[in-house]
Structure formats: structure tokens, C-alpha cells
Amino acid sequence: ADGRVFTLGSEALLGYILCSLASGIASSALAVLAATLFSNRSVGIIVSLVIAFVLMFGAQIINNSLSQSETIPQFTEQQVGSITIYAADPTLPEVPNPDYPTGAERAVLEFLWDFIPACQATQLTMATVESYGPLLLFSALFLVLTTGAGLLLFQKKDIK
């Protein structure tokens, strides 16, 4: 034991539990949608697993993009013998980070970060959720959209 103590208030704990449950239900709705689109059960399961992995890795990509700093240090070239080393120079002012998303790109990434269940799960595991209401609403919206899409697509499916 390293002396760390679990310190989370009852309100925050309830928020995390509710958000986890809502995110799990939204993810299940997506898996059900994928399963209903394929008459072969094995194909539906494989497609659901592939979607889950794609969304999980997509969540990490979105997290990495949103975690970029606005500025980065400038690097200078230094010669050490016959080796060239590039090192951050603290005497130079920082420059804008070309990988930092701005404007519409950032707005889209932030929306996806809150909307996609895999992104919500990543937020919950990192314990970075500041407000539980938006995540619960986005989970409900995702559930409604995937259920609606499933109903529309399933009605067009020929069951024989």
C-alpha cells in the first residue's frame, strides 16, 4: 500500500456511477444496432467488436488531440562531436503548436469527446469529468439516435 486513499464525495461517486451506466447502455444500443443489421449472428458479433475497437482507439486519438498544449518550446541544433542534437531552448519564446486543434476542428473534437460512448468511458476512467449532466444527456441522445436508426433500418430489412 502506497498510502493513497480513495477520496470521492458521494455526489461525485453517484455521478460517475450514473454516467458509467448511461455510457454502457449507449454502447449496448450501438452493438444492438450492428447486430440487427446482419442476419448472420457471427457477422453481427464481429462487426460489433470491430466498431468497439475503432471507437476505443478513436477515443484515444481524440484525447491526444485535445490534450495538446497551445504552445511548444523552440528547439535549437547543437553539435556534440559528430552527433547533432536538437534540444528545447528555454531562453527562446514558445511558438504555436501546429498540432493544437483550433476553431471548428476543436469544437467538433470536443463534441465527439462528450458524445461517443467510448470517449465518455475514457473520461470516466481518467476521472476528468467536471459536469455529469452533459454526459448523461449525450448518452441519452446517442441512445435515441442509434435506436431510431435501428428502427428505420430494420423496417427496410426483408426478414425471411
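Residues numbered from 1 in each chain as written. Predicted model: local features only at pLDDT ≥ 70, side-chain atom pairs only at ≥ 80, totals over all residues. Heavy atoms only, no water.

## Re the overall build of the protein chain
At step 1: The helix and strand tally for the protein chain stands at five helices and four strands.
At step 2: Starting at the N terminus, the α and β elements of the protein chain follow one another as α-α-β-β-β-β-α-α-α.
At step 3: Radius of gyration (C-alpha) of the protein chain: 22 Å, far over the 15 Å computed for a compact globule of 160 residues.
At step 4: Residues counted as buried form 25% of the 160 residues belonging to the protein chain.
At step 5: Within the protein chain, counting contacts between residues at least 6 apart in sequence, those at least 24 apart form 60% of the total.
At step 6: Summed over its atoms, the accessible surface of the protein chain is roughly 11000 Å², and 66% of this surface lies on carbon and sulfur atoms.
At step 7: The distance from the centre of the 6 positive side-chain charges to the centre of the 12 negative ones in the protein chain is 27 Å. (Helix = DSSP H or I, 4+ residues; strand = E, 2+ residues; numbered from the N terminus. Rg over C-alpha atoms; globule rule 2.2 N^0.38 Å. Buried < 20%, exposed > 50% of the residue type's maximum accessible area, 1.4 Å probe, protein only. Contact = heavy atoms within 4.5 Å. Areas by Shrake-Rupley, 256 points an atom, 1.4 Å probe, with all protein chains shown as cover. Lys, Arg positive; Asp, Glu negative; His and termini not counted. Charge placed at Lys NZ, Arg CZ, Asp CG, Glu CD.)

## Some points on the pairing of strand β3 (residues 83–88)
At step 1: Summarising the sheet, strand β2 (residues 75–80) and β3 pair through six bridges and their orientation is antiparallel. Each residue of the ladder has a partner; that of Glu 77, found in β3, is Tyr 86.
At step 2: The hairpin formed by β2 and β3 contains two residues between the paired strands, and Gly 81 there has a positive phi angle of roughly 65°. (Pairing = 2+ DSSP bridges.)

## Quick look at unusual backbone geometry
At step 1: One non-glycine residue, Ala 127, adopts positive backbone phi at about 55°.
At step 2: By relative accessible area, which is 53% here, Ala 127 ends up exposed.

## A word on the nonpolar core
Across soluble globular proteins, nonpolar side chains show a tendency to be buried alongside one another.
At step 1: Membership of the largest hydrophobic core comes to 13 residues, with the highest contact counts inside it found for Ile 62, Leu 66, Trp 113, Ile 116, Cys 119 and Phe 142.
At step 2: Looking at this core, the elements that each hand over two or more residues are α1 (10–36), α2 (41–66), α3 (103–115) and α4 (117–126).
At step 3: Leu 66 has contacts with Arg 106, Leu 109, Glu 110 and Trp 113, leaving out every residue within four places of it along the chain.
At step 4: With seven residues, the next largest nonpolar core counts Tyr 16, Leu 124, Tyr 132 and Leu 135 among its residues. (Core = buried A, V, L, I, M, F, W, Y, C linked by side-chain atoms within 4.5 Å.)

## With respect to the packing of aromatic side chains
At step 1: According to the stated counting rule, one finds six aromatic pairs in the structure shown.
At step 2: Ring centres of Tyr 16 and Tyr 132 lie 5.5 Å apart, and the angle between their planes is 70°; on these two criteria the pair is classed as edge-to-face. With Tyr 16 in helix α1 and Tyr 132 in helix α5 (residues 132–155), the pair connects residues that are 116 residues apart, well separated along the chain. The pair formed by Tyr 16 and Tyr 132 is uniform in burial state, with each residue classed as buried.
At step 3: Connected via pairs of aromatic rings, a cluster forms that spans Phe 111, Phe 115, Phe 138 and Phe 142. (Phe/Tyr/Trp six-rings, centres within 6.5 Å; stacked < 30°, edge-to-face > 60°.)

## Describing the confidence of the model for the protein chain
At step 1: The predicted model of the protein chain averages 89 in pLDDT, with 93% of residues at 70 or higher.
At step 2: Confidence scores differ between elements of the protein chain, with β2 showing the lowest mean pLDDT of 86 and α3 the highest of 95. (pLDDT = per-residue confidence, 0-100.)

## Some words on the layout of surface pockets
At step 1: Here the largest pocket is characterised by a volume of approximately 170 Å³.
At step 2: Along the walls of the largest pocket sit Ser 27, Leu 30, Ala 31, Ser 48, Leu 49, Ile 51, Ala 52, Leu 55, Pro 117 and Ala 118, which together make up its complete lining.
At step 3: Elements supplying a minimum of two residues to the lining of the largest pocket: α1, α2 and α4.
At step 4: Looking at the lining of the largest pocket, the element that brings in the most residues is α2, giving five residues.
At step 5: In terms of residue class, the lining of the largest pocket is built from eight nonpolar, two polar and no charged. (1 Å grid on protein atoms, 1.4 Å probe; cavity = no way out; pocket = protein on both sides within 12 Å on 5 of 7 lines; lining within 4 Å. Points joined across faces, edges and corners; volume = space filled by probe spheres on them. Nonpolar A, V, L, I, M, F, W, Y, C, P; charged D, E, K, R; others polar.)

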